[in-house]
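Listed here are the chains, written in short residue letters.
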Amino acid sequence: MASKNDHQFMRAALVEAQKAFVIGEVPIGAVVVSDGRIIGRGHNLREHLNDGVAHAEIMAIEEACATMNSWRLVDCDLYVTIEPCLMCAGAIINSRLKTVYFGARDPKAGAVRSLYQVLEDPRLNHQIEVFEGVLKAQSAQIMKDFFRAARKRKK
């Protein structure tokens, strides 16, 4: 069950997703939280930066690491609007995040629940607690709106 704080932080991730939407990027947003405050924010910037790894989660993790002056984000939580992909799941593990909260599943690329369960795999050196469905409808809707608009532009 999601708490009031979980909704607050996911709303901040949705603000990041909206920033991506406005500039024509796939609208995924993420925030990293430590001790009840946001220490990293990110949204997709792959097209703008011509960088295949400029995913929302990576951008938020990089900012959080700079804020903490450490690559270890122990006791930090990540809130992301859409289920992380395999690359982002690897970054989450390697950053030692404590918990991941995500809005909606990604049936084509999701590596946390949909295709793989990487974050909780006991064979890896670090496991992350996962909660899904926080503001699921809003997270899924912004993606639907984005791709509907993209299809209209192609016609």
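As the structure is a computational prediction, the values presented were derived from the model and not from experiment. (Residues numbered from 1 in each chain as written. Predicted model: local features only at pLDDT ≥ 70, side-chain atom pairs only at ≥ 80, totals over all residues. Heavy atoms only, no water.)

Description of the nonpolar core
- Val-32, Ile-61, Leu-73, Leu-78, Ile-92, Leu-97 and Leu-119 are the most contacted members of the largest nonpolar core, which totals 32 residues.
- Secondary-structure elements contributing two or more residues to this core are β1 (29–34), α3 (56–68), β3 (76–82), α4 (86–94) and β4 (99–104).
- Among the elements that line this core, the one with the most residues is α3, at 6 residues.
- Once you skip the residues sitting within four places of it in the chain, Leu-78 turns out to touch Ala-30, Val-31, Val-32, Glu-57, Ile-92, Leu-97, Thr-99, Val-100 and Tyr-101.
- Membership of the second largest hydrophobic core comes to 11 residues, among which are Met-10, Ala-13, Val-33 and Tyr-79. (Core = buried A, V, L, I, M, F, W, Y, C linked by side-chain atoms within 4.5 Å. Buried < 20%, exposed > 50% of the residue type's maximum accessible area, 1.4 Å probe, protein only. Helix = DSSP H or I, 4+ residues; strand = E, 2+ residues; numbered from the N terminus. Contact = heavy atoms within 4.5 Å.)

Here's the deal with the sheet that holds β1
- One open sheet holds the 5 strands; their spatial order is β2-β1-β3-β4-β5, and the pairing between them is mixed. Across the chains shown, the open sheet's two edge strands, defined by having one partner strand only, are β2 (37–43) and β5 (129–132). Along the sheet, successive strands turn relative to each other by an average axial angle of 15°, direction set aside.
- Examined bridge by bridge, β3 and β4 share 5 bridges and lie parallel to one another. Residue pairing for β4: Val-80 is matched across the bridge by Phe-102.
- Where helix α1 (residues 4–22) meets the sheet, its contacts fall on β1, β2, β3 and β4, and the angle it forms with β1 comes to roughly 145°.
- Packing against the sheet, helix α5 (residues 136–154) makes contact with β3 and β4, and its axis sits at approximately 60° to β4. (Pairing = 2+ DSSP bridges. Axes fitted to C-alpha atoms, helices over the stretch in contact; angles between N-to-C directions.)

Focus: the pairing of β3
- The buried count for β3 comes to 7 of 7 residues, which makes it a mostly enclosed element.
- The pairing of β1 with β3 spans 5 bridges and is antiparallel. Residue Ala-30 lies in a different strand from β3, and its bridge partner there is Val-80.
- What joins β3 to β4 is α4, and the crossover it makes is right-handed. (Right-handed = clockwise from strand over helix to strand, strands pointing away.)

A look at the packing of α3 against α4
- It is the contact of α3 with α4, at a shortest axis distance of 9 Å, that shows an interaxial angle of 20°. Taken together, the axis directions place α3 and α4 in an arrangement best described as roughly parallel. Viewed along their axes, α3 and α4 form a crossing whose handedness is left-handed. Within the contact between the two elements, α3 uses Glu-57, Ile-58 and Ile-61 and α4 uses Met-87, Cys-88, Ala-91 and Ile-92.
- In terms of residue class, the contact of α3 with α4 is built from 6 nonpolar, no polar and 1 charged. (Parallel < 35°, antiparallel > 145°, perpendicular 65-115°, else oblique. Left-handed = near helix turned anticlockwise from the far one by under 90°. Nonpolar A, V, L, I, M, F, W, Y, C, P; charged D, E, K, R; others polar.)

Re the UniProt feature "active site" (unreviewed entry) in the protein chain
- Taking the UniProt record as the reference, the feature "active site" (unreviewed entry) is found at Glu-57.
- Looking at where Glu-57 falls in the secondary structure, it is placed in helix α3.
- Not counting residues within four places of it along the chain, the set of residues in contact with Glu-57 comprises Ala-30, Leu-78, Val-80, Ile-82, Pro-84, Cys-85 and Cys-88. (UniProt positions renumbered as here; feature names shortened; annotations may be inferred.)

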